[in-house]
Amino acid sequence: MNLVKYAAKRVLRLIITLFIVSTIIFFVIRVIPGDPALIIGGVDAKPADLEAIRARLGTDRPLSTQYAEFLWSILHLDFGRSMISDEPVTSLILQRFPLTLALAVLGLLIGILIAVPLGVLSAVKRWSGWDYLGLVLSQLGMAIPSFWLGILLLLVLAIRFPIFPLFGVDSGAGLVLPALSLGLARAAILLRHTRASMIEELSKEYIVAARAKGLPETLIRYKHALKNALLPIITIAGIEFGYMLGGAIIVEQVFSLPGLGRLFLYAIYQRDFPLIQGGVVFIAVIFSVVNFVADMLYSIVNPKIRLE
Amino acid sequence: MGAAEPLIVIENLRVEFAQDGQRAIALRGVDISLYKNEVHGLVGESGSGKTITAMSIVGLLPRQALKLLSGSIRYEGRELLSRSEEELRSYRGSKIAMIFQEPAKYLNPAFTVGEQIRETIREHMGLDRSQANARARELLALVGLGNDGRVLAAYPHELSSGMKQRAMIAIAISCNPDFLIADEPTTSLDVTLQAQILKLLRTLKDMKKMGVLFISHDLSVIKEIADRVSVIYAGKIVESTSVTRLFGHPMHPYTRLLLMSIPDARRKGRRLAAIAGQVLDARADPQGCVFAPRCPMARDLCFKESPTFIAHEQDHMSACHFAEEAWKL
Ligand SMILES: Nc1ncnc2c1ncn2[C@@H]1O[C@H](COP(=O)(O)OP(=O)(O)OP(=O)(O)O)[C@@H](O)[C@H]1O
Ligand SMILES: [Mg+2]
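Since this is a predicted model, take the numbers as computed values, not measurements.

## A short note on the overall build of chain A
Next, step 1: When helices and strands are counted, chain A shows 13 helices and zero strands.
Next, step 2: Going residue by residue from the N terminus, the α and β elements of chain A occur as α-α-α-α-α-α-α-α-α-α-α-α-α.
Next, step 3: Referenced to the eigenvectors of the C-alpha coordinate spread, the extents of chain A come out at roughly 85 × 55 × 30 Å.
Next, step 4: For chain A, the residues scored as buried account for 45% of the 308 residues in total.
Next, step 5: Partitioning the intrachain contacts of chain A with sequence separation of at least 6 by distance along the chain shows that 71% fall at a separation of at least 24.

## So, the interface of chain A and chain B
Next, step 1: Counting residues at the interface gives 18 residues for chain A, matched by 25 residues for chain B.
Next, step 2: The interface formed by chain A and chain B contains three salt bridges.
Next, step 3: Of the charged contacts, one joins Glu115 of chain B and Lys223 of chain A as a salt bridge, the two residues approaching to 2.5 Å between their closest N and O atoms.
Next, step 4: Inspection of the chain A/chain B interface yields 13 residue pairs in polar contact (both at pLDDT 80 or more).
Next, step 5: Within the residue set of the side of chain A that touches chain B, elements represented by two or more residues are α9 (205-212) and α10 (217-245) of chain A.
Next, step 6: The element that contributes the greatest number of residues to the side of chain A that touches chain B is α9 of chain A, accounting for six residues.
Next, step 7: Among the residues forming the side of chain A that touches chain B, the class breakdown is eight nonpolar, three polar and seven charged.

## Observations concerning the sheet that holds strand β1 (residues 8-19) of chain B
Residues and elements named next belong to chain B.
Next, step 1: Strands sit in the order β2-β1-β4-β5 across an open sheet of four strands; the sheet is antiparallel. The sheet is open, and its two edges are formed by β2 (22-34) and β5 (78-79), each paired on a single side.
Next, step 2: With two bridges joining them, strand β4 (residues 69-75) and β5 adopt antiparallel strand pairing. Paired with Arg74 across the bridge in β5 is Glu79.

## A few points about the domain arrangement of chain B
Residue and element names in this part refer to chain B.
Next, step 1: According to the domain assignment, chain B consists of domain 1 (8-95 + 177-326) and domain 2 (109-175).
Next, step 2: Domain 1 and domain 2 are separated by 30 Å when their C-alpha centres are compared.
Next, step 3: The interface of domain 1 with domain 2 comprises 18 residues on the first partner and 12 residues on the second.
Next, step 4: Seen at the junction of domain 1 and domain 2, the total is one salt bridge.
Next, step 5: With a closest N to O distance of 3.0 Å, Glu123 and Arg89 form a salt bridge.
Next, step 6: Summed over the shared surface of domain 1 and domain 2, the number is four residue pairs in polar contact (both at pLDDT 80 or more).
Next, step 7: For the side of domain 1 that touches domain 2, the element with the highest residue contribution is helix α7 (residues 191-208), accounting for eight residues.
Next, step 8: Class assignment for the residues of the side of domain 1 that touches domain 2 results in 11 nonpolar, four polar and three charged.

## Let's talk about the site of ligand 1
All names here are of chain B.
Next, step 1: Neighbouring ligand 1 are 14 residues, the closest being Ser46, Gly47, Lys50, Thr51 and Ile52.
Next, step 2: Note that an oxygen atom of ligand 1 is positioned 3.0 Å from one of the backbone N or O atoms of Gly49.
Next, step 3: Between ligand 1 and Lys50 there is a distance of 2.9 Å, counted from an oxygen atom to a backbone nitrogen or oxygen.
Next, step 4: For ligand 1, the accessible surface in isolation is 630 Å², of which the surrounding protein chains cover 69%.

## Let's talk about the sheet that holds strand β9 (residues 228-233) of chain B
Residues and elements named next belong to chain B.
Next, step 1: Read from one edge of the open sheet, eight strands run β6-β7-β8-β3-β9-β10-β12-β11, paired in mixed fashion. With partners counted over all chains shown, the strands left at the sheet margins are β6 (96-99) and β11 (310-313), one partner each. The mean inter-strand angle of the sheet, taken between neighbouring strand axes irrespective of direction, is 25 degrees.
Next, step 2: One ladder, built from four bridges, connects strand β3 (residues 39-43) with β9; its direction is parallel. In the strand pairing of β9, Gly41 is matched with Val229.
Next, step 3: In the packing of helix α1 (residues 50-57) onto the sheet, contacts are made with β3, β6, β7 (179-183), β8 (211-216) and β9, and the angle to β8 comes to roughly 150 degrees.

## So, the packing of helix α5 (residues 89-124) of chain A against helix α13 (residues 273-301) of chain A
Residue and element names in this part refer to chain A.
Next, step 1: As a packed pair, α5 and α13 sit with axes 9 Å apart at the nearest point and diverge in direction by 50 degrees. Judged on the interaxial angle alone, α13 and α5 are oblique. Seen along the crossing, α5 lies across α13 with a hand that is right-handed. The residues of α13 that touch α5, namely those facing Val89, Leu92, Ile93 and Phe97, are Pro274, Leu275, Gly278, Gly279, Phe282 and Ile286.

## A closer look at the nonpolar core
All names here are of chain B.
Next, step 1: Residues Ile8, Ile96, Ile117, Ile181 and Phe214 are the most contacted members of the largest nonpolar core, which totals 105 residues.
Next, step 2: Lining this core are residues from two domains, each supplying at least three of them: domain 1 (8-95 + 177-326) and domain 2 (109-175).
Next, step 3: Those residues in contact with Phe214 that sit more than four places away from it in its chain are Val39, His40, Gly41, Leu42, Ala182, Pro185, Thr186, Leu198, Leu201, Val221, Ile222 and Ile225.

## A short note on the pattern of salt bridges
Next, step 1: The full count for this structure, using the stated rule, is 34 salt bridges over all chains.
Next, step 2: Between Arg54 of chain A and Glu51 of chain A there is a salt bridge, with its nearest N and O atoms 3.3 Å apart. With Arg54 of chain A and Glu51 of chain A both in helix α3 (residues 47-57) and three residues apart, the pair spans about one turn of that helix.
Next, step 3: By relative accessible area, Glu51 of chain A is classed as partly exposed at 44%.
Next, step 4: Salt-bridge contacts for Glu115 of chain B lead to Arg129 of chain B; the nearest nitrogen and oxygen are separated by 4.0 Å. On the criterion of sequence distance, the pair formed by Glu115 of chain B in helix α4 (residues 113-125) and Arg129 of chain B in helix α5 (residues 129-142) is long-range, its members being 14 residues apart.
Next, step 5: Judged by its relative accessible area of 14%, Glu115 of chain B falls in the buried class.
Next, step 6: Under the relative-accessibility criterion, Arg129 of chain B is labelled partly exposed at 48%.
Next, step 7: Several salt bridges converge on common partners, so that one network encompasses Lys213 and Lys223 of chain A together with Glu115, Arg118, Glu119 and Arg129 of chain B.

Rules used in this analysis
Residues numbered from 1 in each chain as written. Chains lettered and ligands numbered in written order. Predicted model: local features only at pLDDT ≥ 70, side-chain atom pairs only at ≥ 80, totals over all residues. Heavy atoms only, no water. Helix = DSSP H or I, 4+ residues; strand = E, 2+ residues; numbered from the N terminus. Buried < 20%, exposed > 50% of the residue type's maximum accessible area, 1.4 Å probe, protein only. Contact = heavy atoms within 4.5 Å. Salt bridge = Lys/Arg side-chain N within 4 Å of Asp/Glu carboxyl O. Polar contact = N/O pair within 3.5 Å; in protein donor to acceptor, adjacent residues only side chain to side chain. Nonpolar A, V, L, I, M, F, W, Y, C, P; charged D, E, K, R; others polar. Pairing = 2+ DSSP bridges. Domains from an automatic or database assignment. Near = heavy atom within 4 Å. Areas by Shrake-Rupley, 256 points an atom, 1.4 Å probe, with all protein chains shown as cover. Axes fitted to C-alpha atoms, helices over the stretch in contact; angles between N-to-C directions. Parallel < 35°, antiparallel > 145°, perpendicular 65-115°, else oblique. Left-handed = near helix turned anticlockwise from the far one by under 90°. Core = buried A, V, L, I, M, F, W, Y, C linked by side-chain atoms within 4.5 Å.

The following block contains the structure:
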């Protein structure tokens, strides 16, 4: 019951967010220079042809009419058709989404699997070899641009030692390298947070109390401290995941993957208004859903947060 | 009291910290004998070494201090200071338990009260989950938190501060310890709650025949709960005797001055007599009496020679060259 009320509140907030975000994007893409008709017709198209294209796209009508129409169709969950390919925006996005989702899940998984154990180990054995390894990895992970890492991975693991395919995702193996280059960057961020969070928890008074109870050190670290230390990590991981679900433009470019990032990138190049709008709404929805799930997880782990 | 062998004997305990290349002396010779079925009050100002004394007994001193530890702490005649961490761990929580000043901080916010009791029981008593749970339930009832299982399933933040302290007490007594160390357990509570917790501790002590080391900076609390009192000043025990004797016939000038600074109904309106001067610097290691620089009756001898902590009268120890005169102050 409580949960239903909470969810309803979140949905209401999402609707308000969507309204604001889509309104902003609607006007921004129309204010910035660039006319879709010109892109479709080409630079040497005759004015009459351009007029015809504009009439077909509906961009010749007053902004207010277009805006009202846009809101009306959004209310019906209709995002229109791509101005370029004439395919429905929704199906364009849904076609690309599974790949992006798989990449994001793998990326996050790799990030967490590297960051959490190493971060915890770094905190527990401060200034040990593990800690230095963690520090070096997180420095590198943050300093190295993901396109460079992607190219490096391709050079080594697809060309020099052809373990993984160079292009495409026909087999699952094609996802490994892109997911690695995404995940290593996530790992760098999560590692730092895990280490800091764990160190903080280990210095808390309840740790002294747990020692005074005569509990073994392993239990104190990996039960008492870890559960508390993971709380902020859940939130951060959720945000990272949300970002990745919006598409990873650079990694998709390097690995020539047909993900959401490139779809939206080309939509912007081509001033494909409906696709841009649909994309923004989609990202906002995904972000809200991921946040919601992260909050739910957080509340399961953290008894102090009651969903209200 | 007194006739039996002491359960814990602390002798000439010295603890130093290495801090930024300098040494800070936290304890400069602490001598305390602790008995079963007796509440021993340890009273002193902030920074005088009360918590460090307590932590030494359970072997939980901060790392920087471990190398600079000397003296002796014996439990039933066996030395604790030379024990391995693993051996000490089997004492903690099962033979010697501890409660702390701020239960809100010393309880883990991420686990239920029940879980925090059960894990202790399972660690030391080898009970299975359901047995531990039944025992946890009984313990909560014993400390006045009801036996309907509500507190068992509650997280610390769902409890009031008085309830949290009761829960911490339930954890502490969960394995029937011989000895309980209570480090200012009532300082963060209001007067009513404080009285309730003191009463509870007293009841539990009588019931379980536990020894208790009750730490406080508040002499009026000590007067209420303790059978015997040790007064600590700058890391040294300066006086130790029964409560009645301490309040009626103090032998150390510091105790005397402390007593004069207690707010007292009869002296209401009169300014509290603050003790003049500064607490001894932790880096200083004077050859004379630690209290001499602030002592209104210090003489030449006091600055030259450290007084030994000896019995001046039966059951009344004091570290003052002129202990017999102190009460005339
Ligand atoms: N980790 C530490 N490093 C260095 N010095 C310390 C450390 N912990 C305590 N000390 C010093 O040891 C001395 C005794 O501290 P302790 O905590 O025992 O005082 P206390 O009597 O419990 O005071 P309070 O009433 O404030 O709790 C103090 O002078 C303090 O500065
Ligand atoms: Mg203290």
